[in-house]
Amino acid sequence: MTTAAIIGGGVIGGGWAARFLLNGWDVRVFDPDPEAERKIGEVLANARRSLPGLSDVPLPPEGKLSFHTDLAEAVKGVAWIQESVPERLDLKLKVYRSIQEACDPQAILGSSTSGFKPSELQEGALRPGQIVVTHPFNPVYLLPLIELVTTPENSPEMIERAKEIMRGLGQFPLHVRKEIDAHIADRFLEAVWREALWLVKDGIATTEEIDEAIRMGFGIRWAQMGLFETYRVAGGEAGMKHFMAQFGPCLSWPWTKLMDVPEFTDELVDLIAGQSDAQSGHHTIRELERIRDNNLVGMMRALKAQNWGAGAVLNRHDAALKPKALPDLDSADLSQPILTLSRAVPLDWTDYNGHMTESKYLEAFANATDRFMEIIGCDADYIASGGSYFTAETHIRHLDEAHAGARIRVETQMLLGQGKKLHLFHRMYEGDKLLATGESFLLHVSLETRKPCAPSPKIEAAMARIAEAQAGLPYPEGAGSAIRKPA
Ligand SMILES: NC(=O)C1=CN([C@@H]2O[C@H](COP(=O)(O)OP(=O)(O)OC[C@H]3O[C@@H](n4cnc5c(N)ncnc54)[C@H](O)[C@@H]3O)[C@@H](O)[C@H]2O)C=CC1
Ligand SMILES: C[N+](C)(C)CC(=O)CC(=O)[O-]
């Protein structure tokens, strides 16, 4: 088990703690705030309901969380130290001195700083090469981007190690090789924020209207293609050059206020805070976080289905976790129902009743059937060669509830696997609790004729092996049942 230390457990440190813990790391937190444990507990609760379900395979078992009143004790022997104390250079430098006096020289010391350059953070350090910027985005447990900003003090080996660790956490390290104040992304965010402040101050738009202008249009677009690919498409068939010719000149027109910042007078702060209260004050911050997480999970899973952008990062993370996730024909105990699905319930699988919605039981059982098909040899290559299974009939029984983030598994008993017929009985559990059963009858088909036919001898042999091994299992209660006619 690997261990990380989180120094500063506020909004960002809490998010880092959740990201590490849910990816199987032990986490030690040092934060003098007596409320830190409660706050991290709340962030962790949000993370538990949203992050594990982003994966279609189980994340490693959750690590152990501990809180420390002694910084030296927290950092001793850990592999990664993530500093997320307030954005004050003097404070960060002081904290690094204490950390470096106590930590392993090989440990990576990442700073969450939104704006300081790594050379500023390395100034006067005991071991400058140990410090890098690893700038995350809120919520750290869901958003993959980490701006990894380095200097020549950082060795290539250490930079590669940092990238590997972040990838192992499901993150996307973007290496910012030339340091600059506020890195890459925060320079955009500041420009957008500056413009927004002017629009409110000048009475052009309210905070709510500005948010609508973002989320109803370009905000959705940016989540999938960013700026340049979006503008390339906007240039039409003539592409980027045409786009630049058409819109380049506008940059010198007074479309933006550019670098001026409105003065933060009490009047402006009250105006913006008042509008923001009117817009969103009916929700608590935790409610807003949950609404945000629900939306992010839905969007990221949609990108995952397209294997695009942040969705491609999620798929790569799943692929790295998958080999350890499920057994195959040789590693499974064939005398028992076979593990065919193990995952967490994604947020977008839940409904207005606050539990996993019925159509997703079918999806989970269908995924379990797909896995069973792979186990007996009906894998992607076999399907490409022209054979597959079609489901002819399914019966699902809902026996108990499952909630977002719950770790579920499906175990599959083969009731018949002979010739073209395959009859499966799936049981879905959370721990020992039986949540549902799904019974499926499938026929092996030729994808060319679309008609039933015998499977390959290899599949016949695999089914025969399972049939023999499972022959001693009792016929499941509930198998073959149907909805009874009301008395
Ligand atoms: N809030 C945001 O949206 C983002 C913030 N960041 C960066 O993350 C860092 C932390 O920001 P937030 O989490 O927003 O601030 P925060 O105010 O929520 O949390 C800071 C935490 O540091 C603790 N702290 C103060 N002095 C400490 C010390 N000497 N040792 C250990 N802990 C100490 C505080 O008690 C507090 O819990 C900053 O560098 C910020 O620029 C990065 C990305 C996004
Ligand atoms: C406002 N901020 C500069 C602290 C924002 C960030 O650093 C990144 C984010 O999460 O938006």
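Keep in mind that what you see is a predicted model, and the values were worked out from it rather than measured. (Residues numbered from 1 in each chain as written. Chains lettered and ligands numbered in written order. Predicted model: local features only at pLDDT ≥ 70, side-chain atom pairs only at ≥ 80, totals over all residues. Heavy atoms only, no water.)

**Section: the overall build of the chain**
Here comes step 1: Broken down by element type, the chain carries 16 helices and 13 strands.
Here comes step 2: Its C-alpha atoms put the chain at 75 × 55 × 50 Å along the principal axes.
Here comes step 3: Within the chain, contacts between residues at least 6 apart in sequence are counted, and of these 72% link residues at least 24 apart.
Here comes step 4: Just so you have it, the chain exposes about 25400 Å², and 57% of that area is on carbon and sulfur atoms.
Here comes step 5: Positive and negative side-chain charges in the chain, numbering 51 and 66 respectively, have mean positions lying 5 Å apart. (Helix = DSSP H or I, 4+ residues; strand = E, 2+ residues; numbered from the N terminus. Contact = heavy atoms within 4.5 Å. Areas by Shrake-Rupley, 256 points an atom, 1.4 Å probe, with all protein chains shown as cover. Lys, Arg positive; Asp, Glu negative; His and termini not counted. Charge placed at Lys NZ, Arg CZ, Asp CG, Glu CD.)

**Thoughts on the sheet that holds strand 12 (residues 421–430)**
Here comes step 1: Taken in spatial order, the five strands of this open sheet run 9-11-12-13-10, and their pairing is antiparallel. Strand pairing shows two members of the sheet lacking a second neighbour, strand 9 (338–344) and strand 10 (387–398), which therefore form its edges. Across this sheet, the average inter-strand angle for adjacent strands is 25 degrees, counted without regard to direction.
Here comes step 2: Those strands touched by helix 16 (residues 457–470) are strand 9, strand 10, strand 11 (407–418) and strand 12, and its axis lies near 105 degrees from that of strand 11. (Pairing = 2+ DSSP bridges. Axes fitted to C-alpha atoms, helices over the stretch in contact; angles between N-to-C directions.)

**Some points on the packing of aromatic side chains**
Here comes step 1: One pass over the full model with this rule turns up five aromatic pairs.
Here comes step 2: Taken together, a centroid distance of 6.3 Å and an interplanar angle of 55 degrees make the contact between F20 and W80 tilted. Of this pair, F20 sits in helix 1 (residues 11–22) while W80 sits in strand 4 (residues 80–83), and the two are 60 residues apart along the sequence.
Here comes step 3: Since its relative accessible area comes to 0%, F20 is described here as buried.
Here comes step 4: Of the aromatic side chains, those joined through ring pairs into one cluster are W16, F20, W25 and W80.
Here comes step 5: Directly above the aromatic system of W349 lies the positively charged group of R343, at a separation of 4.8 Å from the ring centroid. (Phe/Tyr/Trp six-rings, centres within 6.5 Å; stacked < 30°, edge-to-face > 60°. Buried < 20%, exposed > 50% of the residue type's maximum accessible area, 1.4 Å probe, protein only. Lys NZ or Arg CZ within 6 Å of the ring centre and 35° of its normal.)

**Points about the sheet that holds strand 5 (residues 108–111)**
Within a sheet, adjacent strands bond to each other through the backbone by hydrogen bonds, running parallel or antiparallel.
Here comes step 1: Here eight strands make up an open sheet; going across it, the order is 3-2-1-4-5-6-7-8 and the pairing mixed. The open sheet terminates on both sides in strands that have one partner only, identified here as strand 3 (65–68) and strand 8 (172–176). Within this sheet the neighbouring strands show an average axis-to-axis angle of 25 degrees, counted without direction.
Here comes step 2: Here strand 1 (residues 3–7) pairs with strand 2 (residues 26–30) via five bridges, running parallel. In the strand pairing of strand 2, A4 is matched with V27.

**A short note on the side chain of N46**
Here comes step 1: Mapped onto the secondary structure, N46 falls in helix 2 (residues 36–50).
Here comes step 2: Residue class for N46 comes out buried when judged on its relative accessible area of 2%.
Here comes step 3: At a separation of 3.1 Å, a polar atom in the side chain of N46 contacts the side chain of E289.
Here comes step 4: Once residues lying within four places of it in the same chain are set aside, the contact partners of N46 are Y141, R286, E289, R290 and D293. (Polar contact = N/O pair within 3.5 Å; in protein donor to acceptor, adjacent residues only side chain to side chain.)

**Focus: the pairing of strand 11**
Here comes step 1: With six bridges joining them, strand 9 and strand 11 adopt antiparallel strand pairing. From the neighbouring strand, I338 faces strand 11, where its bridge partner is T412.
Here comes step 2: Hairpin geometry of strand 11 and strand 12 is characterised by an intervening segment of two residues between the two adjacent antiparallel strands and by a positive phi of about 55 degrees at G419.

**Some thoughts on the domain arrangement of the chain**
Here comes step 1: Segmentation of the chain into domains returns domain 1 (3–181), domain 2 (185–282) and domain 3 (328–470).
Here comes step 2: A C-alpha centroid distance of 48 Å is found between domain 2 and domain 3. (Domains from an automatic or database assignment.)

**A look at the site of ligand 2**
Here comes step 1: Every residue close to ligand 2 is listed here: S114, H135, P136, F137, N138, D186 and L189.
Here comes step 2: A distance of 2.7 Å separates an oxygen atom of ligand 2 from a polar side-chain atom of H135.
Here comes step 3: Side-chain polar atom of D186 to an oxygen atom of ligand 2: 2.7 Å apart, as the coordinates give it.
Here comes step 4: When ligand 2 is considered free in solution it has 320 Å² of accessible area, and contact with the protein chains removes 55% of it.
Here comes step 5: The class makeup of the residues in the shell around ligand 2 is three nonpolar, three polar and one charged. (Near = heavy atom within 4 Å. Nonpolar A, V, L, I, M, F, W, Y, C, P; charged D, E, K, R; others polar.)

**Focus on the site of ligand 1**
Here comes step 1: In the region of ligand 1, 22 residues are neighbours, and I12, D31, E87, K92 and S114 sit closest.
Here comes step 2: In isolation ligand 1 has 830 Å² of accessible area, and contact with the protein removes 73% of it.
Here comes step 3: Broken down by secondary-structure element, the contributors of at least two residues to the shell around ligand 1 are helix 1 and helix 4 (89–102).
Here comes step 4: In terms of residue count, helix 4 provides more of the shell around ligand 1 than any other element does, three residues in total.
Here comes step 5: Class assignment for the residues of the shell around ligand 1 results in ten nonpolar, eight polar and four charged.

**Focus on helix 12 (residues 285–305)**
Here comes step 1: For helix 12, with 21 residues, the first-to-last C-alpha span of 30 Å sits near the 30 Å given by 1.5 Å per residue.
Here comes step 2: Within helix 12 the residues assigned to the buried category are E289, D293, L296, V297, M300, R301, L303 and K304. Taken down its axis, helix 12 places every buried residue within 145 degrees of arc, on the same side.
Here comes step 3: Contact partners of the buried residues in helix 12: helix 2, helix 8 (207–225), helix 13 (310–321) and strand 9.
Here comes step 4: Looking at the residues trailing helix 12, positive phi occurs at N307, about 50 degrees. (Expected span 1.5 Å × (residues − 1). Arc of directions from axis to C-beta.)

**A word on the environment of G431**
Here comes step 1: Mapped onto the elements of the fold, G431 is located in the loop between strand 12 and strand 13 (433–446).
Here comes step 2: Relative accessible area serves as the criterion here: at 41%, G431 is assigned to the partly exposed category.
Here comes step 3: It is 9.4 Å that separates the C-alpha atoms of G431 and A406, two residues lying 25 residues apart in sequence.

**What to know about the pattern of salt bridges**
Here comes step 1: Evaluation of the coordinates by the stated rule reveals 26 salt bridges.
Here comes step 2: The residue R167 makes a salt bridge to E164 at a minimum N-O spacing of 3.1 Å. Remark: E164 and R167 occur in helix 6 (residues 156–168); sequence separation between them is three residues, near one turn of the helix.
Here comes step 3: We classify E164 as partly exposed; its relative accessible area is 49%.
Here comes step 4: Overlapping salt bridges, with partners in common, bring together D56, R301, K304, D318, R343 and D348 in one network. (Salt bridge = Lys/Arg side-chain N within 4 Å of Asp/Glu carboxyl O.)

**Some remarks on the side chain of E411**
Here comes step 1: For E411, the position within the fold is in strand 11.
Here comes step 2: Engagement of the side chain of E411 in a polar contact is seen with the side chain of R409, the distance being 2.9 Å.
Here comes step 3: Apart from the residues within four sequence positions on either side, E411 is in contact with P337, I338, L339, T340, F425, H426, R427 and Y429.

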